[in-house]
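What the coordinates show
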Amino acid sequence: STAGAGKKPLANEGHPLLSAKTVAALSPLDSALIATLEQGDIALVRTESLLKLSKLPYRQQLEAIDPTAFMPPAEAAALLRSGTRAVGALTYGWGCGGDCDPDGAYLRSVQAALRTEELAHIEVLFWDYPSLFQHPPGGRRTPKQEAAFVRVPRTAECMEGPPPPTGPCTRPLVRSACPGAPLG
């Protein structure tokens, strides 16, 4: 893990975008997420891997293409536990069922955001399509994948924050692991 390395903040140094008081108040929300991460129900995608993609694959595809794209469960839980807020989360309304980004516009937008100084501290990202098991085209999740998928909703709400307003989303909303704290 690179948590705490280089220019990334250490847990006791605070966070460049959030006050120490805010981080302290929001950190208890992480406990449910830590348990889910340790189980592997949610797979956090390394930002360095997202930056290399030209098309966003669903989780099972990304596991087959590049298993190193995901931070291992214990390491992901430790990173969240560290308090550095290096775990990001992304949420937006899908334009169509089956593929959350058919033309790659969201991926390009997220890649651009992750390249900014403001989001340079984010090491891994929760993005439902590559982070959660999906029904493959023309198929179904395996029973084990389905069990993992149904355990996630309550903890995913902590990652994503409140549901987006009803209506079309025109751009992705990148959020920190802190509910309700939009970053870009």
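Right, let's walk through the structure included here. Here the structure is a predicted model, which means the values were calculated and not measured. (Residues numbered from 1 in each chain as written. Predicted model: local features only at pLDDT ≥ 70, side-chain atom pairs only at ≥ 80, totals over all residues. Heavy atoms only, no water.)

With respect to the nonpolar core
The following threshold applies: By convention a nonpolar core is built from buried Ala, Val, Leu, Ile, Met, Phe, Trp, Tyr and Cys residues, the set being connected through side-chain atoms within 4.5 Å. Buried means the residue's accessible area, taken with a 1.4 Å probe over protein chains only, is under 20% of the maximum for its type, while exposed means over 50%, and partly exposed covers the values in between. Secondary structure elements are defined from DSSP: runs of H or I of at least 4 residues count as helices, runs of E of at least 2 residues count as strands, and each element is numbered from the N terminus.
Membership of the largest hydrophobic core comes to 22 residues, with the highest contact counts inside it found for Leu50, Leu56 and Trp127. Counting only elements with at least two residues in this core, the list comes to helix H6 (105-114) and strand E3 (124-127). In terms of residue count, the dominant contributor to this core is H6 (five residues). In terms of nonpolar packing, the next biggest core, distinct from the first, is built from 17 residues, Leu37, Met71, Ala86 and Val87 among them.

A few points about the pattern of salt bridges
We count it as follows: A carboxyl oxygen of Asp or Glu within 4 Å of a side-chain nitrogen of Lys or Arg is what we treat as a salt bridge.
Inspection of every chain in the model, using the stated rule, returns five salt bridges. One salt bridge in this structure joins Arg151 and Asp41, with 2.7 Å as the shortest N-O distance. With Arg151 in helix H8 (residues 143-151) and Asp41 in the loop between helix H2 (30-39) and strand E1 (45-46), this residue pair connects regions lying 110 residues apart in the sequence. Given a relative accessible area of 2%, Asp41 falls into the buried group.

Some points on H6
Residues that lie three or four places apart on an α-helix share one face, since the helix turns once every 3.6 residues. Using the following cut-off: It is the directions from the helix axis to the C-beta atoms whose arc is reported.
Along H6, the residues classified as buried are Tyr106, Leu107, Val110, Gln111, Ala113 and Leu114. Down the axis of H6, the buried side of the element spans an arc of 160°, and every buried residue falls inside it.

Things to note about H2
The set of residues buried in H2 consists of Asp30, Leu33, Ile34, Thr36 and Leu37. Gly40 lies just past H2 and shows a positive phi near 85°.

What to know about the environment of Ser54
Looking at the element boundaries, Ser54 is found in the loop between helix H3 (47-50) and helix H4 (59-65). Judged by its relative accessible area of 69%, Ser54 is exposed. Spatially, the C-alpha atoms of Ser54 and Gly104 are 7.4 Å apart, while their sequence positions differ by 50 residues.

Focus: the packing of aromatic side chains
Quick note on the threshold: Between rings of Phe, Tyr and Trp, where Trp is taken as its six-membered ring, a pair exists when centres lie within 6.5 Å; planes separated by under 30 degrees are stacked, by over 60 edge-to-face, and by other angles tilted. Sitting over a ring, as applied to charges here, requires NZ of Lys or CZ of Arg to be within 6 Å of the ring centre and within 35 degrees of the ring normal.
Under the defined criterion, the tally for this structure stands at one aromatic pair. Their ring planes at 70° and their centres at 6.1 Å tell us that Tyr58 and Tyr129 sit as a pair that is edge-to-face. Placement of Tyr58 in the loop between H3 and H4 and of Tyr129 in helix H7 (residues 128-131) is noted, with a sequence separation of 71 residues between them. Exposure class is identical for Tyr58 and Tyr129. Each is buried. In this structure, Arg59 packs its charged tip against the face of Phe133, placed 3.8 Å from the ring centre.

Things to note about the side chain of Arg141
The test is simple: Counting of polar contacts relies on pairs of N or O atoms within 3.5 Å, with two restrictions inside protein: one atom must be capable of donating a hydrogen and the other of accepting it, and residues adjacent in sequence are counted only when both atoms are side-chain atoms. Throughout, a contact is declared for two residues whenever any of their heavy atoms are within 4.5 Å.
Tracing the backbone shows Arg141 in the loop between H7 and H8. A distance of 3.1 Å separates a polar side-chain atom of Arg141 from the backbone oxygen of Phe133. Reaching out from Arg141, the side chain makes a polar contact with the side chain of Glu146 at a distance of 2.7 Å. Among residues more than four places away in sequence, those in contact with Arg141 are Gln60, Phe133, Gln134, His135, Pro136, Glu146 and Phe149.

By themselves, these are just geometric observations and shouldn't be taken as functional.
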